[in-house]
Protein chains: 2
Amino acid sequence: MLRIMRTLLALWVAMVLSLGTAHAADGPRKVIIDDEGFQLMHLMLLESSEVEVVGITTVSGNTWANRATAMVLRGLEIAGRPDVPVAQGATYPLLNSEALTKRWEAIYGKLTWKGAWMKQWVEPTAQTTPAYYGPDDPVNLPGGNPTLKPSPEIAANFLIRMVRQYPGEITIVACGPLTNLALAQRLDPQFASLVGELVYMGGSLNPHQVLDDQQAQEFAREFANSPRREFNARFDPESASIVSRSPWRKLTIIPVDPSTATQRTRTLLERVAKAAKPDVAAFVSDLEPGFPLWDEIAAGYVLDPAMVTNAEDLYVDYNTQFGANYGDMLSWREHYQPDLGEQKAYVVRAIDPVRLEAVMVEAMQQGAQSDE
Amino acid sequence: MLRIMRTLLALWVAMVLSLGTAHAADGPRKVIIDDEGFQLMHLMLLESSEVEVVGITTVSGNTWANRATAMVLRGLEIAGRPDVPVAQGATYPLLNSEALTKRWEAIYGKLTWKGAWMKQWVEPTAQTTPAYYGPDDPVNLPGGNPTLKPSPEIAANFLIRMVRQYPGEITIVACGPLTNLALAQRLDPQFASLVGELVYMGGSLNPHQVLDDQQAQEFAREFANSPRREFNARFDPESASIVSRSPWRKLTIIPVDPSTATQRTRTLLERVAKAAKPDVAAFVSDLEPGFPLWDEIAAGYVLDPAMVTNAEDLYVDYNTQFGANYGDMLSWREHYQPDLGEQKAYVVRAIDPVRLEAVMVEAMQQGAQSDE
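Just so you know, these numbers come straight off a predicted model, no measurement behind them.

A. The arrangement of the sheet that holds strand β5 (residues 197–201) of chain B in detail. Residue and element names in this part refer to chain B. Taken in spatial order, the nine strands of this open sheet run β3-β2-β1-β4-β5-β6-β9-β7-β8, and their pairing is mixed. Of all the strands in the sheet, the pair left with one neighbour each is β3 (86–87) and β8 (329–332). Inspection of the sheet shows strand β6 (residues 251–254) paired to strand β9 (residues 344–351) by two bridges, in the parallel sense. If you follow Thr252 over to β9, its bridge partner there is Tyr346.

Structure below.
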């Protein structure tokens, strides 16, 4: 009798879970973007008719959170999407800081890219050096400031509220340091288990240079000598580790590796702009070319997971010791992991760049059509 | 006047230095092998007529130092070279230990290969598991024990005495943990500057699997998830760091990277055996096939440096923090290094495997001819 009741209970649980999945499949997939700034990745997800962006959160990384928030609000004005709520996130990483980074470099060598803390390149480079600001400096965007205002909620609280409102339905696409997600998980231990899927761009396995031009060579400078270091994780290693040890339903990681076969060329930007509606087209045409596609792969994976040509299930964590490998990605195949809470992740090693570019164009076309 | 005297002094110094080089070029190049065991690498250097092996030192690593010493003495008997002095080296790494390694694995995950501390593979593997011994267990070699005896000197003292006897003339080929060299450098701060060239096999940049067979796949298990970890450095990270920061005249590093294009196949062993004199041939035929060529690349580089097809000048050190990346190789291109004594090294990224195999055969032929 007890056995029958257990079986019935198991069936009921299975039914509820499958209903949950079926419900989630109704209508476009709900997405929250967590990132610093406003880029092609945001536009791909906003313009696509296959997903519904239900919120954007910001964080410090390549730029400070207040600046990132202004960029997102201005971007939403350009995209004609004032309905999307924006919640500003963490200004500072959990432990890391600009002062610590200076001391670190004195002992362990120069970092190639330091994001908001970057004052100059170590070597001459084709990429422009962004202007340097303090965390509370007033924001005046070159293209004009937004009139839209952010949500009064801080990002972590917004994220918790949304995943509780739509349990198991939301895909978070995180393309900056993982500070907001780590805070959300420590504020609410159920947070990760309420997220449908976390797709994050961060970490690095062992990338090799694929393209053979000046830009590709310059971006290879970092991973050639520190194959496990990537900026998002290195900016806030403790948050990356918390996220790695949180109980996600599904965890997908886009490390640097698949990006080495891609490039945001002038030709690609023009092709994407041509497919987009006028205001978006103007924005895309103004983007600086030469970068590998990083965040765009994360957005592309959400829109078309079949673009992945090589992936592996790995247990992942990040080195949180303040030393030479601070922030480095750690990975283990099954049987080798220490079992301290690190999650099995679907780690993308390679994608089809032609298919990714097609997805970018298609998303812009969908946005242009829905606008007609 | 002062300027003229300075110029004369500079000329005199230059002349003395060039005389030193000219003297070193007379006769075959003097080599000391520092390693754990007796392998193809030893035979390549012993049989070649282009170098003169003036001593062999042993160290713990893949096996304990006492066992390595017996293997070398037995090897010299087989090669008919009882004249080569053998000095036993360090039994223990500077800080690392078997007990620490167990604790490390509990926090940071399982190591693939642990050398003398290995009891079993984590996963099934084609390679045999060597028998497990304690550091002072009596040695009984399967092929019979040697009658030759080692030098009464400990390896570090032997190394110091030899480089003082032949300043700037000796090439050290080190293919195990670097404990002996670190001890020699701390015993005698001029040690490194008296060595002609240090060629060591150790460290790992970011190797990729090149060959596509079961053995290559199994050896890729380690570097796929820890591209900067290599056994020799991981067994004694502190010694590897001391060596990295010592003032060598010339420092050449063979990391794991060039080995992924090579394999000690049954065919290769038979080809090498066929070229060798009878006793050596029998020894070579009995070697276990399937391993990448590691130490053989170091010996091959000494005999024919032109086999290198890709190399880079890098500053190198090793992570000595007891953490997830303990023993990992650190490397910096010019301008990025911290300048804490780490040396610019010639780091070999790729070699021509066909040329290496030819060098192996040629060395055996030279040994067979000199025996006639």
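B. Molecular detail of helix α4 (residues 98–108) of chain B. Listed in full, the buried residues belonging to α4 of chain B are Glu98, Thr101, Trp104, Glu105 and Tyr108 of chain B. Here the buried residues of α4 of chain B occupy an arc of 110 degrees about the axis, which is enough to place them on one side. The outward face of α4 of chain B, more than 90 degrees from its buried face, is lined by the exposed residues Lys102, Arg103 and Ala106 of chain B. Buried positions along α4 of chain B lie against β8 (329–332) of chain A together with α9 (231–235) of chain B. Taken from the residues just after α4 of chain B, Gly109 of chain B is the one with a positive phi, measuring 100 degrees.

C. Representation of the environment of Trp248 of chain A in the model. Residues and elements named next belong to chain A. Along the chain, the position of Trp248 falls in the loop between α10 (237–244) and β6 (251–254). For Trp248, a relative accessible area of 7% gives the class buried. Remark: the alpha-carbon pair of Trp248 and Leu198, spanning 50 residues in sequence, is separated by 7.1 Å. In contact with Trp248, other than residues within four places in its own chain, are Leu181, Phe191, Ala192, Val195, Leu198, Val243 and Gln343. In terms of polar contacts, Trp248 uses its side chain to reach the backbone carbonyl oxygen of Val243, at 2.7 Å.

D. Looking closely at the interface of chain B and chain A. Facing the 37 residues of chain B at the interface are 37 residues of chain A. For the pair chain B and chain A, the summed buried area comes to about 3000 Å², and 43% of that belongs to carbon and sulfur atoms. When the area that chain B buries against chain A is broken down by residue, the three leading residues are Asn225, Gln321 and Tyr336 of chain B, summing to 23%. Across the contact surface, chain B and chain A share two salt bridges.

E. Up close: the side chain of His42 of chain A. Examined against the element boundaries, His42 of chain A turns out to sit in helix α2 (residues 40–47). With residues up to four places along the chain from it excluded, the contact list for His42 of chain A reads Ile33, Asp35, Gly37, Ile56 and Val72 of chain A.

F. Seen up close, the UniProt feature "domain: Inosine/uridine-preferring nucleoside hydrolase" (unreviewed entry) in chain A. When the UniProt feature table is mapped to this numbering, "domain: Inosine/uridine-preferring nucleoside hydrolase" (unreviewed entry) covers residues 41–354 of chain A. When the span residues 41–354 of chain A is considered, its composition is 35% helix and 15% strand, and the gap between its end C-alpha atoms is 16 Å.

G. Spotlight on the side chain of Lys30 of chain A. Residue and element names in this part refer to chain A. For Lys30, the location among the structural elements is in strand β1 (residues 29–35). Polar contacts involving the side chain of Lys30 include one to the side chain of Glu169, which spans 3.4 Å. Beyond its immediate sequence surroundings of up to four residues, Lys30 is in contact with Glu52, Val54, Tyr166, Glu169, Ile170 and Thr171.

H. View of the environment of Gln263 of chain B. Residues and elements named next belong to chain B. Within the secondary structure, Gln263 sits in the loop between β6 and α11 (266–275). Remark: the alpha-carbon pair of Gln263 and Pro292, spanning 29 residues in sequence, is separated by 4.2 Å. The residues contacting Gln263, other than those within four sequence positions of it, are Leu211, Asp213, Gln215, Ala216, Leu268, Gly290, Phe291, Pro292, Leu293 and Glu357. A distance of 3.3 Å separates polar atoms of two side chains, one belonging to Gln263 and the other to Asp213.

I. Geometry of the relation of the copies chain B and chain A. Structural alignment of chain B on chain A gives an RMSD of 0.0 Å, achieved by rotating through 180 degrees and translating 0.0 Å along the axis. One copy is carried onto the other by what is essentially a two-fold rotation axis. A share of 100% of interface residues in chain B that are also interface residues in chain A marks the association as one of identical surfaces.

Analysis parameters
- Residues numbered from 1 in each chain as written.
- Chains lettered and ligands numbered in written order.
- Predicted model: local features only at pLDDT ≥ 70, side-chain atom pairs only at ≥ 80, totals over all residues.
- Heavy atoms only, no water.
- Pairing = 2+ DSSP bridges.
- Helix = DSSP H or I, 4+ residues; strand = E, 2+ residues; numbered from the N terminus.
- Buried < 20%, exposed > 50% of the residue type's maximum accessible area, 1.4 Å probe, protein only.
- Arc of directions from axis to C-beta.
- Contact = heavy atoms within 4.5 Å.
- Polar contact = N/O pair within 3.5 Å; in protein donor to acceptor, adjacent residues only side chain to side chain.
- Buried area = accessible area lost by both parts, 1.4 Å probe.
- Salt bridge = Lys/Arg side-chain N within 4 Å of Asp/Glu carboxyl O.
- UniProt positions renumbered as here; feature names shortened; annotations may be inferred.
- Least-squares fit on C-alpha atoms with pLDDT ≥ 70 in both.

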